[in-house]
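The primary structure of each chain is shown beneath.
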Amino acid sequence: MWMLVPVAFAGKLLSAFRKPLRSLWSSLVPWVLWLRATLWLPGGQSARPPQPGRGEAQGSRGDGGQGPEQPITPTSVNYHFTRQCNYKCGFCFHTAKTSFVLPLDEAKRGLRLLQEAGMEKINFSGGEPFIHDRGEYLGQLVRFCKEELRLPSVSIVSNGSLIRERWFRTYGEYLDILAISCDSFDEQVNVLIGRGQGKKNHVENLQTLRTWCRDYRVAFKINSVINRFNVDEDMREQIKALNPVRWKVFQCLLIEGENSGEDALREAQQFIISDEEFEGFLDRHKDVSCLVPESNQKMKDSYLILDEYMRFLNCRNGRKDPSKSILDVGVEEAIKFSGFDEKMFLKRGGKYVWSKADLKLDW
Ligand code: SF4
């Protein structure tokens, strides 16, 4: 077939030249069109490689035609560098499955990679972040992030039981926000939940930490998980007295493999409350101006969580599936598997005034 094309075309050309000029072009046009169709569109499809037209690009990226994938910026990252904890909260969803902690230099390298990728806020969490090396390891990371990486916001979430004033003296100036977990102002309820620890009173300790935060100029925040044992409590008076910059109120969440399912170290089913019960708690506390509610829906995919190996944890399927470590493949590659919902992050108010300099606090 391909051999016949030039022969046929030459014959037609010769016979065309025997005709008057005015009819020459009209004779050639169909042949030119036929040649173009034959050489470029065998079987009705282009033989050329696909050009990156808009439709082709979308299809090949597998994004369902929603438009080109936007790279995710790790604006705010939660680094759970240890899973160890001195408490045993029944609903804990980051349990002590390993005792691994990265060497300090490796953790710093990972934090620098995140900063280069656009991180503005780092939150250190656990487990209990003050348990490793009596808070020294944590202090070194806090100072590194503020002094060397110059991050606008450095924060910690802790149960508060292992923090000493000495730590504030050494590292307080580098810390923007300290969030303390407190689920009840009734010590008996704290014990029921698993936040009791012998003679030490969680509620009294909270007051001490509040004072140190004021003295060492660290913004004070409270996190509460609303569950079966505290859902009917009225915390208005105590929260107002402690006057945190933010009171984050979470609905107790089930995570497969952490606090639910066969392999889990906890069984949190008995702590779970309905959406209506959570709404009831929020309604009772609606005049507390610093309250920031977080339902399960808002919470699930709107956090960038790094585990102790610096792997992003994807919670989309109701469990925590790890990516590769950012130390091995870089942030851009690892974050693709984070399952992070950036829109929900913004919708839940994930980006707020998070630097203590901007908070303009009346200490
Ligand atoms: S204090 Fe936090 S990390 Fe420790 S057991 Fe309780 S929920 Fe888990």
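Residues numbered from 1 in each chain as written. Predicted model: local features only at pLDDT ≥ 70, side-chain atom pairs only at ≥ 80, totals over all residues. Heavy atoms only, no water.

What counts here: UniProt positions are given in the numbering used here, feature names are shortened, and annotations may be inferred rather than shown by experiment.
Under an unreviewed UniProt entry, the protein chain has the name S-adenosylmethionine-dependent nucleotide dehydratase RSAD2 and belongs to Panthera leo. What the UniProt record of the protein chain gives under Catalytic activity (unreviewed entry) is the line "CTP + AH2 + S-adenosyl-L-methionine = 3'-deoxy-3',4'-didehydro-CTP + 5'-deoxyadenosine + L-methionine + A + H2O + H(+)". Regarding the protein chain, the relevant UniProt record gives this comment under Cofactor (unreviewed entry): "[4Fe-4S] cluster".

1. A short note on the nonpolar core
Side chains of nonpolar character tend, in soluble globular proteins, to be buried together. Definition in use: Put simply, a nonpolar core is a bunch of buried Ala, Val, Leu, Ile, Met, Phe, Trp, Tyr and Cys residues held in one set by side-chain atoms that sit within 4.5 Å of each other. Only protein chains enter the calculation, and the probe is 1.4 Å; a residue is then buried if its accessible area is under 20% of its type maximum, exposed if over 50%, and partly exposed in between. A run of DSSP states H or I qualifies as a helix once it reaches four residues; a run of E qualifies as a strand once it reaches two. Both are numbered from the N-terminal end. By definition, residues are in contact when any of their heavy atoms lie within 4.5 Å.
If you look at the biggest cluster of nonpolar residues, it comprises 64 residues, and the most contacted ones within it are Tyr79, Leu111, Ile122, Phe124 and Trp247. A total of six residues in this core trace back to one element, the largest contributor, which is helix H5 (residues 136-148). Apart from the residues lying within four places of it in its own chain, the contact partners of phenylalanine 124 are Tyr79, Phe81, Leu111, Pro129, Leu138, Leu141, Val142, Cys145, Val154, Ser155, Ile156 and Val157. Among the nonpolar cores identified, the runner-up in size contains nine residues, and Phe91, Val189, Ile193 and Val225 belong to it.

2. Overview of H5
This is how the line gets drawn: Multiplying 1.5 Å by the residue count of a helix minus one yields the expected span of that helix.
Compared with an ideal rise of 1.5 Å per residue, which puts 13 residues at 18 Å, H5 spans 17 Å between its outermost C-alpha atoms and is within 8% of the ideal. On its buried side, H5 packs onto strand E1 (76-80), helix H4 (104-116), strand E2 (121-125), strand E3 (153-158) and helix H6 (165-171). Once H5 ends, the next one or two residues include arginine 150, with phi positive near 55 degrees.

3. Quick look at the site of the ligand
The following threshold applies: A molecule or strand has a residue near it when one of that residue's heavy atoms lies within 4 Å. Following the grouping adopted for this structure description, the nonpolar residues are Ala, Val, Leu, Ile, Met, Phe, Trp, Tyr, Cys and Pro, the charged ones are Asp, Glu, Lys and Arg, and the polar ones are all others, Gly among them.
Around the ligand lies a shell formed by Cys85, Tyr87, Cys89, Cys92, Gly127, Asn159, Arg195 and Arg266. Residue classes in the shell around the ligand are distributed as four nonpolar, two polar and two charged.

4. Regarding the pattern of salt bridges
Under the convention used in this document: Salt bridges, as used here, are contacts in which a Lys or Arg side-chain nitrogen is within 4 Å of a carboxyl oxygen on Asp or Glu.
Under the counting rule described, the total for this entry stands at 16 salt bridges. Close ionic contact of lysine 286 with aspartate 283 constitutes a salt bridge, the shortest N to O distance being 3.7 Å. Where salt bridges share partners, they join Arg83, Lys97, Glu258 and Glu308 into one cluster.

5. Some points on the environment of aspartate 328
Tracing the sequence through the fold places aspartate 328 in helix H12 (residues 326-329). Classification of aspartate 328 as exposed rests on a relative accessible area of 66%. As for aspartate 328 and methionine 310, which are separated by 18 residues in sequence, their C-alpha atoms are 9.4 Å apart.

6. Topic: unusual backbone geometry
Glycine 127 follows glycine 126 through a cis peptide bond whose omega is 15 degrees. Relative to the helices and strands, glycine 127 resides in the loop between E2 and H5. Of note, the phi angle at arginine 217 is positive, near 55 degrees, even though the residue is not glycine. Relative accessible area serves as the criterion here: at 44%, arginine 217 is assigned to the partly exposed category.

7. Topic: the pairing of strand E6 (residues 246-251)
Short version of the rule: Note on pairing: DSSP must find at least two bridges between two strands before they are called paired. Note on handedness: a crossover is taken as right-handed if, strands pointing away from the viewer, the path from the first strand over the helix to the second is clockwise.
Within E6, six of the six residues are buried, leaving the element largely enclosed by the surrounding structure. Side chains of E6 alternate between two faces, with Arg246, Lys248 and Phe250 and Trp247, Val249 and Gln251 buried alike. Bridging between strand E5 (residues 219-226) and E6 involves six bridges; their strand directions are parallel. In the sheet register, lysine 221 faces E6, and the bridge partner there is arginine 246. With helix H9 (residues 236-242) bridging E5 and its parallel neighbour E6, the resulting β-α-β unit is right-handed. With four bridges connecting them, E6 and strand E7 (residues 291-294) associate as parallel partners. Opposite lysine 248, over in E7, you have valine 292 as the bridge partner. Each parallel crossover has a hand, and for E6 linked through helix H10 (residues 275-284) to E7 it is right-handed.

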